[in-house]
Structure formats: C-alpha cells, structure tokens
Amino acid sequence: MTETAAPAADSYKLELMSAYGPVFRDVLRTPARDCTSAEVPIIDLSDISGTEAQRRALAETIRDAAENTGFFYIKNHGIPKDTIDATFKQAQAFFTQPESLKERASADNSKFFNGWSRKHASKISPTEKRDNREGFSFRYDPRHDPETKDPAAVPEDVKQWLKVEEFVWEGTSHLPDFRKDLVAYWQECITLARRMIKLFAMALDAPEDYFDDLVTYPGSDSVFNYYPKNEGSTEGIVDIGLGAHTDLQCFTFLWQDSVGGLQVLTKEGQWVKVPPLADTFVVNIGDFMNRLSNDRFKSTVHRVYNHAPVDRYSMPFFFGLNHNEKCAVLPSCTSEKNPAKYEPISCGEWCRLRFEKTFDVPKQ
C-alpha cells in the first residue's frame, strides 16, 4: 500500500507491517482516552455449554464485538485462578532472575522465536521506538495437547509445521515446576480456544463444528511479556512497551496484571486504553480470522505503553488453525455482490509471510 496523501495536522501516519509489506493508518494526535463499554464490552461465557439457543445468543454477542472494535473482555471463562496465579509467579521468577540464567533459554538459539528475548530485541512498529520488553515463548507440542495425541501418529504434513524446541525447557529446568505450570496454563487456554472457535463459527453463520477438523494440531503460542517499570519518562516522552501491530492468527487471549498499558486503535484513529479487569481475559481478533470472515471481523491495531513506575506482566495466548491446512474465506461471508477478497492460504504460510516481512528470517 502506497502513502498517497499527507496526514492532517492533527494526525500522523502510522506504519504497520503485514504479510504483504507496509500498510498505514491515520492516527489522531489526541491523548489516549479510556475505552467505553460499547468499544470493548464484557462478555459472560457462562452459557458456552448451554442450550443451542443460549450458545447462539452468546455467538451473536461475540459477533457484535468482533464486527465493531474487534476487542472484548470475557468473564466466567473457566480457566482456574490457581492455574493463572501459578503461571504468573513463574513468569515473575523467570524474568527477575539474573540475565546469565535467562540466557540458558535464549531465543538466539531458536529457529522459531521460542525462548527468551531480551529487552529492545524487537521493533515491531516501524514508526515507533524499539520495544521495551522481554519475552518468553513456546509453541504447540502434540505431547502436551489436552486432547491426547500419539506423537508417533502425527501426520507428516503437520510435522513439518511443528516448532517444538526442547532447549526452552532444558534452559529453565532450574526453576521448580516451571514447565509444569506453564504447560498447564497453555492447556487451559487451548481447551477454551477450541470451545470459543465454535462460537466464532456460529457468529459467522457457519455450522458450529465448521472449524473442528482445522484445530486438531492448531497454531497455539504461549508468550509471557515483562515490561520494566518506567522510571525515566516525563510527560510527553513515551516509553514504548510493545509497538503498534495486529496479531497474526485467529484470536488472542490476553491475561494482564493490574498495572495496565494496553491501548487499542479505533476506526476513527483514536487510541483508547483497555485497562485490566479482575478475573477477565481480553480477546482480540487476528489477521487470519479477518481474512476468513472477508473483513467482517476486525483485526485491530494495538500497542502497549508502560507509563507505570512498577513492572508490568502479561500472558497472551495466540490461537490459529492447523498450520498445514489451506483455508479459504467462509462461504457464509461471501455473496455475488461481496465476493471473496482473499485467496486461500494456510495459517502457517500466512504467519511465515508476516515473519519474513517483519524479521530477517530464512524461508522454510
């Protein structure tokens, strides 16, 4: 996409990376304000296992949010608080240890961005500063799938997309129960995601089981973020925790601690703050769901600014379809007057294209 006109004096051009290269958004220069309940609603998942009528009503609520801002909170999600708390404590233990110990699990040893990434290692937004964050990540492993899988029976076309790297766990073995607690949290997230994608199918006027065969070996990445406290910033000087971007896959669950810092860009170009709410996750639509829905569901630009004088932690979980499956726009999202805007592509290939545009990585 080519920039064709200068932005108005009260706005600026924000450059973003996509799988097809840079794209741009006009952003207002007004300060970020708090989001409204209409922009980022709270959705109660109590009826996720209810009657068909209750599930359809829930799907309609999700549809409204996905077509509006593309962000919403969920409560009564079913992920145990004890599991979340244990994982949060492990994240704190990992990031507060000496750098020499974190380096045992360094992403420098990874082909797939697994492991620990040091502060300022990334610059996800070309317009903004380098990201003032550390991260730790791992990806789908059929041995951990709560829907029991025989590792010896994984199809060959699935195996080529797996990004399992044992050094992540070998380099953290000195932290008691680290692997156990992080995997337990990941298992809860993938279980909820498989239930949620049924609601997304219904929200897109497709059969409830439309995606079931496409999430048997899904893209499902667990990432843990540490944003150091902001000690030196003054008013007007902003410390970028994570630059402006959209997520790649179908949708994201975000657990965030009580510090806050998430901001979402509305369609009017206004940054709005999405504060932490106790016992909720934030859910947002990713690029691949945006494609599958033929632009009905919005993959929305967001970022993190940590203005607080205390450390911030977050635990996002990114969910997509099987990376080997080529997927087209849903038939329910097209018509004679609204044909498919996107060609079929696999979720894995889509992610690979984005990484190649954003980072200097070799082709698989």
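Residues numbered from 1 in each chain as written. Predicted model: local features only at pLDDT ≥ 70, side-chain atom pairs only at ≥ 80, totals over all residues. Heavy atoms only, no water.

## So, helix H2 (residues 81-95)
Basically, it comes down to this: For helices the rule is a DSSP run of H or I covering at least 4 residues; for strands it is a run of E covering at least 2, with both sets numbered from the N terminus onward. For a helix, the expected span equals 1.5 Å multiplied by the residue count minus one. Three exposure classes are used, based on accessible area relative to the maximum for each residue type with a 1.4 Å probe and protein chains only: buried under 20%, partly exposed in between, and exposed over 50%. The directions considered for the arc run from the helix axis to the C-beta atoms.
Its 15 residues place the ends of H2 21 Å apart at the C-alpha level, agreeing with the 21 Å of an ideal helix rising 1.5 Å per residue. Residues Thr83, Ile84, Thr87, Phe88, Gln90, Ala91, Phe94 and Phe95 constitute the buried set of H2. Axial view of H2: buried residues confined to an arc of 160°, hence all on one face. Within H2, the exposed residues directed more than 90 degrees away from the buried face are Lys81, Asp82 and Lys89.

## A word on the environment of Asn68
The condition is simple: Note on contacts: a residue pair qualifies if any of its non-hydrogen atoms lie within 4.5 Å across the two residues. Identification of polar contacts relies on pairs of N or O atoms within 3.5 Å, with a donor-acceptor requirement for protein atoms, meaning one able to donate a hydrogen and the other able to accept it, and with residues adjacent in sequence counted only if both atoms are side-chain atoms.
Within the element layout of this structure, Asn68 appears in the loop between helix H1 (52-67) and strand E5 (71-75). Between the C-alpha atoms of Asn68 and Asp157, which are 89 residues apart in sequence, the distance is 36 Å. Apart from residues no more than four positions distant in its own chain, Asn68 is found in contact with Ala38, Glu39, Lys267 and Lys298. Within the structure, Asn68 has its side chain in polar contact with the backbone oxygen of Ala38 (distance 3.1 Å). Within the structure, the side chain of Asn68 is placed 3.2 Å from the side chain of Lys267, a separation counted as a polar contact.

## Section: the pattern of salt bridges
Using the following cut-off: Counted as salt bridges are all cases of a side-chain nitrogen of Lys or Arg within 4 Å of a carboxyl oxygen of Asp or Glu.
Tallied over the entire structure, the rule returns 26 salt bridges. Between Arg296 and Glu67 there is a salt bridge; the shortest N-O distance is 3.2 Å. In this pair, Arg296 is assigned in the loop between helix H7 (287-292) and strand E14 (302-305) and Glu67 in helix H1, connecting sequence segments 229 residues apart. Its salt-bridge partner being Asp295, residue Lys341 comes within 3.3 Å of it at the nearest N-O pair. On the criterion of sequence distance, the pair formed by Lys341 in the loop between strand E16 (326-327) and strand E17 (345-346) and Asp295 in the loop between H7 and E14 is long-range, its members being 46 residues apart.

Scope: geometric values only; no functional claims are made or implied.
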